[in-house]
Amino acid sequence: MNNELFNLNISPELRLEFLKSISKAKELMAYYECAIMEVETKFKVLNKQFSLMSDRNPIDSIQSRLKSPESILNKMIKRNLPLTIEAIEENLTDIAGVRVICSFLEDIYTLKKAIEKQDDIKVLMIKDYIKNPKPNGYRSLHMIVEIPIFLLNEKRPMKVEIQLRTIAMQTWASLEHQIFYKKNYPEDIIPLYKAQLLEAANISYELDIKMQDIKKETEQKIISCEPDLD
Ligand code: 0O2
């Protein structure tokens, strides 16, 4: 142990206050983790029910993440908010994030409706970047929801950001994230790559529409879907 660090001259009050806030922050992050589990379970249940009803899964995969402390700090500073646990909980809606990757476009809206109907979930905000894509071509449906977690002696509402998108939207966003999102490039090359990414986003949306159309058309032609029991 580094003695110089260990013997730093801080008052017992300050030391206690510091340890308390670390423990509060850990507790809050654990609650967000619980909220993620609750939301994930809701989608898994819906996926299971859909697969029983229609013999296919509307959800391809689910990815969840807790925002990193560095990212939380940057956002608080950017928004000029006080660096307190209370202010973080009050103002940030995307500390807990659940991304649901859907098979088809229509699955996104079916799942959105199903979540809206659940009486323990409060939908705080919806941003439909599919109907209104971002200028760079980003598409996804975002929902900010409040969901209760049940602790030993209390019920605690927690905010979670849900992102619903197709496999094609996920591919584009994931690659765009690696190439461009929040990165600095020389001003003169930016328009060229922006235009190329927008073109790629539109091609990928055309693929979503095409696959959706093929699905609809083929569904009408199916004679029987009986499983082969031999
Ligand atoms: P990360 O790394 O995914 O956590 P906000 O910045 O959230 O306060 P904003 O811009 O209104 O305010 O939020 P919005 O538009 O709902 O977007 C939030 C999240 O959507 C981002 O989270 C990304 O995950 C995703 N997103 C939004 N725009 C883009 C985009 O142009 N490209 C890609 N690849 N993803 C996007 P974070 O926290 O910014 O990033």
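Residues numbered from 1 in each chain as written. Predicted model: local features only at pLDDT ≥ 70, side-chain atom pairs only at ≥ 80, totals over all residues. Heavy atoms only, no water.

J.: Before we go on, may I ask you to explain the packing of aromatic side chains in this structure?
T.: What describes a pair of aromatic rings is the distance from one ring centre to the other and the angle between the planes of the rings. Within the structure shown, the criterion is met by one aromatic pair. Where Tyr 129 meets Tyr 138, the ring centres are 5.8 Å apart and the plane angle is 65°; that geometry is what we call edge-to-face. Accessibility assignment for this pair places Tyr 129 and Tyr 138 in one class, buried. Between the NZ or CZ atom of Lys 134 and the centre of the ring of Tyr 129, over which it lies, the distance is 5.0 Å. For Lys 215, the ring lying beneath its charged end belongs to Phe 104, and the centroid distance is 5.4 Å. (Phe/Tyr/Trp six-rings, centres within 6.5 Å; stacked < 30°, edge-to-face > 60°. Buried < 20%, exposed > 50% of the residue type's maximum accessible area, 1.4 Å probe, protein only. Lys NZ or Arg CZ within 6 Å of the ring centre and 35° of its normal.)

J.: Mind showing me how you'd approach the pattern of salt bridges here?
T.: Two side chains bearing opposite charge may form a pair once their charged atoms approach each other closely. In total, this model carries 10 salt bridges according to the counting rule given. Measuring nitrogen to oxygen at the nearest pair gives 2.7 Å for the salt bridge that ties Asp 94 to Lys 75. One end of the pair, Asp 94, is in the loop between helix H4 (85-91) and strand S2 (96-102); the other, Lys 75, is in helix H3 (residues 69-78), with 19 residues separating them in the sequence. On the basis of relative accessible area, Lys 75 is assigned to the partly exposed category, the value being 22%. Two residues, Lys 112 and Glu 116, come together in a salt bridge whose shortest N-O distance is 3.4 Å. (Salt bridge = Lys/Arg side-chain N within 4 Å of Asp/Glu carboxyl O. Helix = DSSP H or I, 4+ residues; strand = E, 2+ residues; numbered from the N terminus.)

J.: Explanation requested: the site of the ligand in the structure shown.
T.: Lining the immediate surroundings of the ligand are 19 residues, of which Lys 67, Lys 127, Tyr 129, Asn 136 and Tyr 181 lie closest. The separation between an oxygen atom of the ligand and a polar side-chain atom of Lys 134 is 2.8 Å. Take His 177: an N or O atom from its side chain is 3.4 Å from an oxygen atom of the ligand. Taking 740 Å² as the accessible area of the ligand by itself, protein coverage stands at 80%. (Near = heavy atom within 4 Å. Polar contact = N/O pair within 3.5 Å; in protein donor to acceptor, adjacent residues only side chain to side chain. Areas by Shrake-Rupley, 256 points an atom, 1.4 Å probe, with all protein chains shown as cover.)

J.: Looking at this structure, I do not really get unusual backbone geometry. What am I missing?
T.: Negative phi characterises most residues that are not glycine, and trans characterises most peptide bonds. Look at Asn 80: it is not a glycine, yet its phi comes out positive at around 60°. Considering the arrangement of structural elements, one finds Asn 80 in the loop between H3 and H4. Asn 80 sits in the exposed class, given a relative accessible area of 70%.

J.: What should I look at first to understand helix H7 (residues 190-221) in this one?
T.: Spacing of three or four residues puts side chains on the same side of an α-helix, whose turn is 3.6 residues. With 32 residues, H7 should cover 46 Å at 1.5 Å per step; its first-to-last C-alpha distance of 47 Å lies within 8% of that length. Along H7, the residues that are buried comprise Ile 190, Leu 197, Ala 201, Ser 204, Asp 208, Gln 212 and Lys 215. Structurally, H7 contributes buried residues whose contacts are with helix H5 (105-117), strand S5 (155-166) and helix H6 (167-179). (Expected span 1.5 Å × (residues − 1). Contact = heavy atoms within 4.5 Å.)

J.: Which parts of the structure should I look at to understand a positive patch on the surface?
T.: On the surface, a cluster of positive charge is contributed by Arg 65, Lys 78, Arg 79, Lys 127, Lys 134 and Lys 182. You can see Lys 182 is positioned in the loop between H6 and H7. (Patch = residues over 30% accessible without salt bridge, like charges linked within 9 Å, V, L, I, M, F, W, Y side chains within 5 Å. Lys, Arg positive; Asp, Glu negative; His and termini not counted. Charge placed at Lys NZ, Arg CZ, Asp CG, Glu CD.)

That's the geometry; what it means functionally is another story.
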